[in-house]
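If you want the building blocks of each chain, they are given just below.
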Amino acid sequence: QQQVKQSPQSLIVQKGGISIINCAYENTAFDYFPWYQQFPGKGPALLIAIRPDVSEKKEGRFTISFNKSAKQFSLHIMDSQPGDSATYFCAASSTDSWGKLQFGAGTQVVVTP
Amino acid sequence: NAGVTQTPKFRILKIGQSMTLQCTQDMNHNYMYWYRQDPGMGLKLIYYSVGAGITDKGEVPNGYNVSRSTTEDFPLRLELAAPSQTSVYFCASNLRGGRGNSPLHFGNGTRLTVT
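All chains use their own residue numbering, which begins from 1 and follows the written sequence. Each chain takes a letter, starting from A, and each ligand takes a number, starting from 1, following the order in which they are written. Since the coordinates come from a predicted model, pLDDT governs what is reported: local features require at least 70, and pairs of side-chain atoms require 80 or more to be given and counted, while whole-chain, interface and lining totals use all residues. Working from all heavy atoms in the structure, the side-chain values ignore hydrogens and water.

Enquirer: Outline the state of the cysteines, listing residues and values.
Expert: Count a disulfide wherever a pair of cysteine sulfur atoms falls within 2.5 Å. Evaluation of the coordinates by the stated rule reveals two disulfides over all chains. Paired through a disulfide, Cys-23 of chain A and Cys-90 of chain A show a sulfur-sulfur distance of 1.9 Å. Residues Cys-23 of chain A and Cys-90 of chain A share a disulfide whose torsion about the S-S bond is about -95 degrees; that sign makes it left-handed. Here Cys-23 of chain A, found in strand E3 (residues 19–25), pairs with Cys-90 of chain A, found in strand E9 (residues 86–92); they are 67 residues apart in sequence, far enough to count as distant. A relative accessible area of 3% means that Cys-23 of chain A is categorised as buried. With its sulfur 1.9 Å from that of its partner, Cys-23 of chain B forms a disulfide with Cys-91 of chain B. Note on conventions: DSSP H or I runs of at least 4 residues are helices, E runs of at least 2 residues are strands, and numbering of each starts at the N terminus. Accessible area is worked out with a 1.4 Å probe on protein chains only. A residue is then buried under 20% of its type maximum, exposed over 50%, and partly exposed in between.

Enquirer: Explain the interface of chain B and chain A to me, using residue names and the numbers behind them.
Expert: Here, two residues are considered to be in contact whenever any of their heavy atoms come within 4.5 Å of each other. Contacts between the two partners involve 25 residues from chain B and, on the opposite side, 21 residues from chain A. Throughout, buried area stands for the accessible area (probe radius 1.4 Å) lost by two parts on being put together, summed over both. Together, the buried faces of chain B and chain A total about 1,900 Å²; carbon and sulfur atoms form 53% of this surface. By definition here, a salt bridge exists when the distance from a side-chain nitrogen of Lys or Arg to a carboxyl oxygen of Asp or Glu is within 4 Å. Remark: the boundary between chain B and chain A carries zero salt bridges. Throughout this description, a polar contact denotes any pair of N or O atoms lying within 3.5 Å of each other; where both atoms belong to protein, one of them has to be capable of donating a hydrogen while the other can accept it, and for residues adjacent in sequence the pair is counted only when both atoms sit in side chains. Between chain B and chain A we count six residue pairs in polar contact (both at pLDDT 80 or more) in total. Sorting the residues of the side of chain B that touches chain A by element identifies strand E4 (31–38) and strand E5 (42–51) of chain B as the ones contributing at least two each. Per element, the largest residue contribution to the side of chain B that touches chain A is six residues, and it comes from E5 of chain B. Looking at the side of chain B that touches chain A residue by residue, the classes come out as twelve nonpolar, ten polar and three charged. Basically, the charged four are Asp, Glu, Lys and Arg, the nonpolar ten are Ala, Val, Leu, Ile, Met, Phe, Trp, Tyr, Cys and Pro, and anything else, Gly included, counts as polar.

Enquirer: Break down the environment of Ile-21 of chain A for me, with residues and values.
Expert: Residue and element names in this part refer to chain A. Looking at the element boundaries, Ile-21 is found in strand E3. Relative accessible area serves as the criterion here: at 0%, Ile-21 is assigned to the buried category. Taking the C-alpha atoms as reference points, Ile-21 and Gly-106, separated by 85 residues in sequence, lie 9.4 Å from one another. Setting aside anything within four residues of it in sequence, one finds Ile-21 in contact with Gln-6, Ser-7, Pro-8, Leu-11, Trp-35, Phe-73, Ser-74, Leu-75, Tyr-88, Thr-107 and Val-109.

Enquirer: Residues and numbers for unusual backbone geometry, please.
Expert: The linkage connecting Ser-7 of chain A with the following residue, Pro-8 of chain A, adopts the cis geometry, with an omega of -5 degrees. Residue position: Pro-8 of chain A is located in the loop between strand E1 (4–7) and strand E2 (10–14). Along the chain, Thr-7 of chain B connects to Pro-8 of chain B via a cis peptide bond; the corresponding omega equals -5 degrees. Mapped onto the secondary structure, Pro-8 of chain B falls in the loop between strand E1 (4–7) and strand E2 (10–13). Phi is positive for Asp-79 of chain A, close to 45 degrees, though the residue is something other than glycine. Take Asp-79 of chain A: it is sitting in the loop between strand E8 (72–77) and E9. The backbone of Trp-98 of chain A sits at a positive phi, close to 60 degrees, despite the residue not being glycine. On the secondary structure map, Trp-98 of chain A appears in the loop between E9 and strand E10 (102–103). In this structure Trp-98 of chain A comes out as partly exposed when scored by relative accessible area, which is 40%.

Written out as structure tokens, the structure reads:
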């Protein structure tokens, strides 16, 4: 049973467009919500993360929006570039879980020139 | 720093064979993890360790074993390979576990096929 549900499974966006990936969770003990980016043949790498005491976090073209009451969070990629083509995973964990992350199923993003 | 290093990169096993996936990190991280990645399923935790000599099961431990004799190394053992273990395996490490904003550092994976 997937503790973190991620959608869509894949998306295609034109260069300069906005990519939006959504995640939902059930476990209210989760207090750390990172996003990982994975390129083919490589391991995932941390992109951006948020804790539930803020509703939004922005790093460059990447923004996490967090809705604690709805138990949802999303990744927005602004001004998408072909180099952003990758698989993106949302994840969640709680402080007392020894850093064990629950991952979403992943979203393959393709940015067309 | 090399970070997290996994060997081999690729391996084909016959059903019933055994093998060890190697993982070593040079960041002096206490926390280490093994995940498997299957298409459309995300990453599932197999085993984890919070320090040398301490290991525990994750979400999908059946068919696997681990050991942690040093801080640096965290090998994953498959004793009787089955087709269901065909997957990409990732080792990861973390400085502070669940405390603070401590990211997971992943290796580049081992792609295993069991036929």
